[in-house]
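For reference, the chains in residue letters:
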Amino acid sequence: MSDNLDLNLDEDCSSLNFALVNSSQFSNSSKDGVNSGGALKIGTEFESDEHAYISYNKYAKTVGFSVRKDWVNRSKVHGLVVSRKFTCSKEGYRRKDKRDLNMKKHRKETRTGCLAHMIVTRQPYGKYRVTHFEAEHNHDNIDPNNSESQLSWREIHVDQAAEGEVPSKSGTESSSTLELMNRKFEVWQSLDYLAMDFDNSLQSERIRDMKEGEAGCLLRYFQRQHIENPSFIHSIQVDIDDKVSNLFWADDKMVVDYDHFGDVVCLDTSYRMNKDLQPFVQFIGVNHHNQAVIFAAALLFDDTVESLKWLFNTFLEAMSGKKPKVILTDQDAAIVEAINSILPETSHRICVWQMYQNALKHLSLVVKDIESFSNDFRSCIYDYNNEEAFVHVWECLLDKYGLQQNDRLRWMFKEREKWSIAYDRNTFFLDMKGSHVAEDLSNNLRSYLNSDQDALQIYKIFERVVDEQRLKEIHANDEMTRCMPRLLGNVVLLKHASRIYTPKAFELFQKEYEKCLNVLVTQCNGKGVLLEYKVSTFGQAQEYTVTFNSADDTVVCNCMKFENVGFLCGHALKVLDNWNIKVVPSRYILKRWTKDTRLGRVRNSSEFTAKENSKLVVASRYENLCRNILKISARAAESEDAFQFALRRLDELIEGVEKILMLKDEEGQGINSSSTVLNGFESENAEYFYDEKELEDLGEDNGVDGTKEKENAAP
């Protein structure tokens, strides 16, 4: 199998044309351990357990039975399949069901206890060998053309279509043209959700090759994901030879998380440290508990500027066009160019931990005692949040290891305002211990990875890590409801903040309040309502300027703590305290750090500009509603009370909408037929915008009380 895709586009149809393998080829193929007679035997070897499954299906096709996957053993160390068993579909017997007692008409028994099976075991050199093989069946072989024998085979069609196996023109025609077209349509129907933009295909060959069969396995798994969750998003990019070069994916919960926490994003491309690993990248953010949260991921087998532009474009499309305010990445020139092209309004900064890893990799060839240097270098980067102290320690570090003329370190110091903690860069991703939360997440993921894994295995490991992160948030929410944070003292400001912020966010805020106690106001200038203060920390020479407007209690500090992290700095808190302001003004409490972050919607509303095109307006409304209903569904499904509450509200909502449509003049908004909706939804140039109204509160206790529900009249 190859990972080529036949992506020729019909003139009058936007579906994909996949080349399929003629069934006559399977019985004559000798690939993957199936000999010319279609037989398997003990000792036959395969590249992977998936190849073994495909080959056993080919064998079953020729003999005339269908296959079922039985047990599987995985290594607890690296997660790879150690051994697995494939059986005839008639293996065993159906389990007894209590419901059978109430059934008038019982299902026909289809299993016969057949013992035909094949077991494959992973060898030390990575291949899978047949260690057990039973060919005898205890039932009559079924017709190879019977629908029952096609069930497991249909799965293989999808895989081979995605892999682009081309049928041979030689040999007898065992299938009619109509049969081939039916198969082709079947594959198209199962893969029609793939939204591929062929204008974004690469004009060159991909840089890295994929393993044989890798793309097809992953795409087939994506198909299953989409069936289980229709909101699962994925996209592929192909190179000039129509080979899959890049893959992107995100699920519905990731989209919702980005809605709430997508103001600052870190692009993790640390796979560059080890070229033996899969080219995995991920978009990471920070939630209201100061934990890492994953927004999307991709496999980049080509990391040129064009591929990176495609990556950022696809990410924005998945997130409905919402751009992050800040993005942190590696200092790679191709990434910088792609960001400047696709995200020109987004502030670009250098991710400090990826920069640190890159520096160690290059300096390991220059510095003799690399272990000692790495400890000193890390301390210099993470432990000094004061500019004066940071510069002094940096100079001492260069002197100690004789690196004053090192080009990389000179460049890093020149660009320090883009990454240094002393300038509040990267502070957003630091936890209370001073560690980078994105680094911890990336290291956790890489601990599961090795060079033998294929794309599908990487994806499954990624799923496990995502589930772990989501479980951490659930535990943090539970902790938040049971415990109150410890206050430094009986301070009104802290009491007020502790009721609003999550415990982790409050710790960060309280840390700034603690700094405020050592801040000195050295000078005050200005007249009228606008005042300018000069402040400094006791024992330090560096001064900051804080501007305060007494008319509306706005305060701005040139340290930019609030702009970079979302909390008022100690300098601003000191000035507010001087004005006897004992609670944080509401404009300086960002919802993304509060306990109620996930309540309501966070998108800003925008006026739709293409009002003259009714189709585009309807398309925008349709997409808007789908997105928000999806978010409600994802959250409400987590609780029975929330689920019942959502059902009742949706019934009321549907009734209200019907009343409006009945009263509305047919010429009003152009929503006269379903064809308008469909045509608008298919428009290529439709733009989507969102409303800022929040969902109705559930009540003071955030619970569901049927007796207190307000009657919803039609809007």
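Going by the annotation in an unreviewed UniProt entry, the name recorded for the protein chain is Protein FAR1-RELATED SEQUENCE, with Salix udensis given as the source organism. Looking at the Sequence similarities (unreviewed entry) heading of the UniProt record, one finds this comment for the protein chain: "Belongs to the FHY3/FAR1 family." In UniProt, the protein chain has this text filed under Subcellular location (unreviewed entry): "Nucleus".

Of regular secondary structure, the protein chain possesses 21 helices and 16 strands. Classification of the 715 residues of the protein chain by burial places 48% in the buried group. Considering only contacts in the protein chain between residues 6 or more positions apart, those separated by 24 or more positions represent 64%.

What follows covers the pairing of strand 5 (residues 128-134). Put simply, side chains in a regular strand alternate between the two faces of the sheet. Relative to strand 5, strand 1 (residues 45-46) runs antiparallel, the two being bridged by two bridges. Each bridged residue has a counterpart across the sheet, and for E45 the counterpart in strand 5 is R129. In the sheet, strand 4 (residues 117-122) pairs with strand 5 via six bridges, with the strands oriented antiparallel. Bridge pairing in strand 5 places R122 opposite Y128. In textbook terms, the turn of a hairpin is the stretch between consecutive antiparallel strands, and for strand 4 and strand 5 this stretch comprises five residues, one of which, G126, has a positive phi near 100°.

Okay, the UniProt feature "domain: SWIM-type" (unreviewed entry) in the protein chain next. UniProt tags residues 544-580 as "domain: SWIM-type" (unreviewed entry). As annotated, residues 544-580 has a helix share of 38% and a strand share of 27%, and its two end C-alpha atoms lie 21 Å apart.

Counting 136 residues, the largest nonpolar core has L247, F248, F283, L311, F312, F377 and F509 as the members making the most contacts within it. If we skip the residues at most four places from it in the chain, F377 touches Y356, A359, L360, W394, L397, L409 and M412. With 19 residues, the next largest nonpolar core counts A60, C114, V130 and F133 among its residues.

Attention now goes to the pairing of strand 14 (residues 530-537). With six bridges joining them, strand 13 (residues 519-525) and strand 14 adopt antiparallel strand pairing. If you follow Q523 over to strand 14, its bridge partner there is K534. If you look at the hairpin formed by strand 13 and strand 14, you'll find four residues sitting between the two strands, and G526 has a positive phi there, around 115°. Pairing analysis gives seven bridges linking strand 14 to strand 15 (residues 543-549), with the strands arranged antiparallel. Along strand 15, the bridge assignment pairs V535 with Y544. With antiparallel pairing between neighbouring strands as the criterion, strand 14 and strand 15 make up a hairpin whose turn holds five residues, including G539 at a positive phi of roughly 90°.

A word on the packing of aromatic side chains. Given two aromatic rings, their pairing is described by the distance between the two centres and the angle made by the two planes. One pass over the full model with this rule turns up 34 aromatic pairs. Both rings, one in Y459 and one in F462, keep their centres 6.5 Å apart while their planes meet at 40°; by these two values the pair is tilted. In this pair, Y459 and F462 are both assigned in helix 14 (residues 455-482), three residues apart and thus about one turn of the helix distant. With a relative accessible area of 3%, Y459 lands in the buried category.

Attention now goes to the sheet that holds strand 3 (residues 81-88). Ordered by their spatial adjacency, five strands build an open sheet running 1-5-4-3-2, and the pairing between neighbours is antiparallel. The open sheet has two edge strands, strand 1 and strand 2 (67-74), and neither has a second partner. Across the sheet, helix 2 (residues 49-63) is in contact with strand 1, strand 2, strand 3, strand 4 and strand 5; its angle to strand 3 comes to roughly 15°.

This part takes up the sheet that holds strand 13. With antiparallel pairing, the four strands of this open sheet are ordered in space as 13-14-15-16. This sheet does not close on itself; its edge strands, each paired only once, are strand 13 and strand 16 (554-557). This sheet shows a mean twist of 25° between the axes of neighbouring strands, independent of strand direction. Of the strands in this sheet, strand 13, strand 14, strand 15 and strand 16 touch helix 18 (residues 570-578), which is tilted by about 45° from strand 15.

Side chains that are three or four residues apart share a direction in an α-helix, a result of its 3.6 residues per turn. The terminal C-alpha atoms of helix 2 lie 21 Å apart, and with 15 residues this matches the ideal 21 Å at 1.5 Å per residue to within 8%. Among the 15 residues of helix 2, 13 are classified as buried, and the element is accordingly described as predominantly covered.

All told, the structure shown has 22 salt bridges when counted by the stated rule. A salt bridge links D251 to R470, with the nearest nitrogen and oxygen atoms 3.0 Å apart. Placement of D251 in the loop between strand 7 (244-250) and helix 6 (252-261) and of R470 in helix 14 is noted, with a sequence separation of 219 residues between them. Put simply, R598 and D257 hold a salt bridge, and the shortest N to O gap is 2.6 Å. Taken together, the residues span a long stretch of sequence, with R598 in the loop between helix 18 and helix 19 (614-636) and D257 in helix 6 at a distance of 341 residues. No difference in accessibility class separates R598 from D257, as the two residues are buried. Residues joined in a network through salt bridges with shared partners are D257, E473 and R598.

Turning our eyes to something else, we now look at unusual backbone geometry. Excluding glycine, a negative phi dihedral is what most residues carry, and trans is how most peptide bonds are arranged. If you check the backbone angles, S320 has positive phi at about 60° while not being a glycine. With respect to the element layout, S320 can be found in the loop between helix 7 (305-318) and strand 11 (326-329). Judged by relative accessible area, S320 falls into the buried class, the value being 13%. A positive phi is found at D553, a non-glycine position, where the angle reads about 60°. The topology assignment puts D553 in the loop between strand 15 and strand 16.

What counts as what
Residues numbered from 1 in each chain as written. Predicted model: local features only at pLDDT ≥ 70, side-chain atom pairs only at ≥ 80, totals over all residues. Heavy atoms only, no water. UniProt positions renumbered as here; feature names shortened; annotations may be inferred. Helix = DSSP H or I, 4+ residues; strand = E, 2+ residues; numbered from the N terminus. Buried < 20%, exposed > 50% of the residue type's maximum accessible area, 1.4 Å probe, protein only. Contact = heavy atoms within 4.5 Å. Pairing = 2+ DSSP bridges. Core = buried A, V, L, I, M, F, W, Y, C linked by side-chain atoms within 4.5 Å. Phe/Tyr/Trp six-rings, centres within 6.5 Å; stacked < 30°, edge-to-face > 60°. Axes fitted to C-alpha atoms, helices over the stretch in contact; angles between N-to-C directions. Expected span 1.5 Å × (residues − 1). Salt bridge = Lys/Arg side-chain N within 4 Å of Asp/Glu carboxyl O.

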